[in-house]
Each structure stands twice: as C-alpha cells, then as structure tokens.
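# A look at the structure
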Amino acid sequence: MTAAHDYSDLYDIIERLEPEQVEELRRHALRLVKEPPPSRFRVLRSFDGPSTDLGAKR
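Parameters at a glance
- Each residue is numbered by its place in its chain's sequence as written, counting from 1.
- A pLDDT threshold of at least 70 governs which residues receive local features in this predicted model, and a stricter bar of 80 or more applies before side-chain atom pairs are shown or counted, although totals over entire chains, interfaces and linings include all residues.
- The side-chain figures draw on all heavy atoms in the structure; neither hydrogens nor water molecules are used.
- Secondary structure elements are defined from DSSP: runs of H or I of at least 4 residues count as helices, runs of E of at least 2 residues count as strands, and each element is numbered from the N terminus.
- Each residue is placed in one exposure class: buried if its accessible area under a 1.4 Å probe, protein chains only, is under 20% of its type's maximum, exposed if it is over 50%, and partly exposed if it falls in between.
- Only the protein chains shown count as cover for residues, with accessible areas throughout obtained via the Shrake-Rupley method and a probe of 1.4 Å.
- Pairs of N or O atoms within 3.5 Å make up the polar contacts considered here, provided that, within protein, one atom can donate a hydrogen while the other can accept it, and that residues adjacent in sequence are counted only when both atoms are side-chain atoms.
- Patch criteria: residues need more than 30% relative accessible area and no salt bridge. Like-charged residues are merged within 9 Å; nonpolar side chains of Val, Leu, Ile, Met, Phe, Trp and Tyr are merged within 5 Å.
- Every case where a carboxyl oxygen of Asp or Glu lies within 4 Å of a side-chain nitrogen of Lys or Arg is listed as a salt bridge.
- Only four residue types enter the charge count, namely Lys and Arg as positive and Asp and Glu as negative; His and the chain termini do not.
- Note that the charge is assigned to NZ on lysines, CZ on arginines, CG on aspartates and CD on glutamates.

Moving on, we come to the overall build of the protein chain. Summing up its helical and strand segments, the protein chain has two helices and zero strands in all. Taken across its 58 residues, the protein chain has 0% of its residues classed as buried. Just so you have it, the protein chain exposes about 6,600 Å², and 56% of that area is on carbon and sulfur atoms.

On to the environment of Asp6. With respect to the secondary-structure elements, Asp6 resides in the segment before helix H1 (8-15). Of the polar contacts made by the side chain of Asp6, one reaches the side chain of Ser8; its length is 3.0 Å.

Taken together, the side chains of Tyr7, Leu10, Tyr11, Ile14 and Leu25 make up a nonpolar region of the molecular surface, amounting to roughly 490 Å² of accessible area. Of the residues forming the nonpolar patch, the biggest block, three residues, is contributed by H1. Within the element layout of this structure, Leu25 appears in helix H2 (residues 19-34).

Bringing a negative patch on the surface into the picture now. There is a patch of like negative charges on the surface, built from Asp6, Asp9, Asp12 and Glu15. Position of Asp9 among the secondary structure elements: in helix H1.

Here the structure, examined in full by the defined rule, presents two salt bridges. Two residues, Glu23 and Arg26, come together in a salt bridge whose shortest N-O distance is 2.8 Å. With Glu23 and Arg26 both in helix H2 and three residues apart, this pair spans about one turn of that helix. Of the charged contacts, one joins Arg27 and Glu23 as a salt bridge, the two residues approaching to 3.8 Å between their closest N and O atoms. Of the two residues, Arg27 and Glu23 both sit in helix H2, four residues apart, roughly one turn of that helix. Each of the salt bridges in this network shares a partner with another, and the network as a whole consists of Glu23, Arg26 and Arg27.

Printed below as a string of structure tokens:
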C-alpha cells in the first residue's frame, strides 16, 4: 500500500488541454496559491481572557 496519490487521470486531462486553456488554468492556479481562501472564523476576535483574575480572593 502506498500513501502517494494517483494523479494519472489529471495528467491525462492536462495533456489534452489547448494552449489557451493551459494559460487560463495557470492564471487560476497562481491566484489560488497567492490568495489563501478567506477563513470561516475571520469574524471572531482573539480572546486573551479578562484583565483581572476573577478567581483571586480579595
């Protein structure tokens, strides 16, 4: 058993692309690499806890 992915079908598809399609695919792939997808949690702010120790006795 191997952990390597089998991309042979992907390579076959790429081999059949027209030059215009290759350029469009290249631009799209570069955009994906340069711009990470937005996080689902971007609206959440970090929380460091209260400024005072609520468990401390006075």
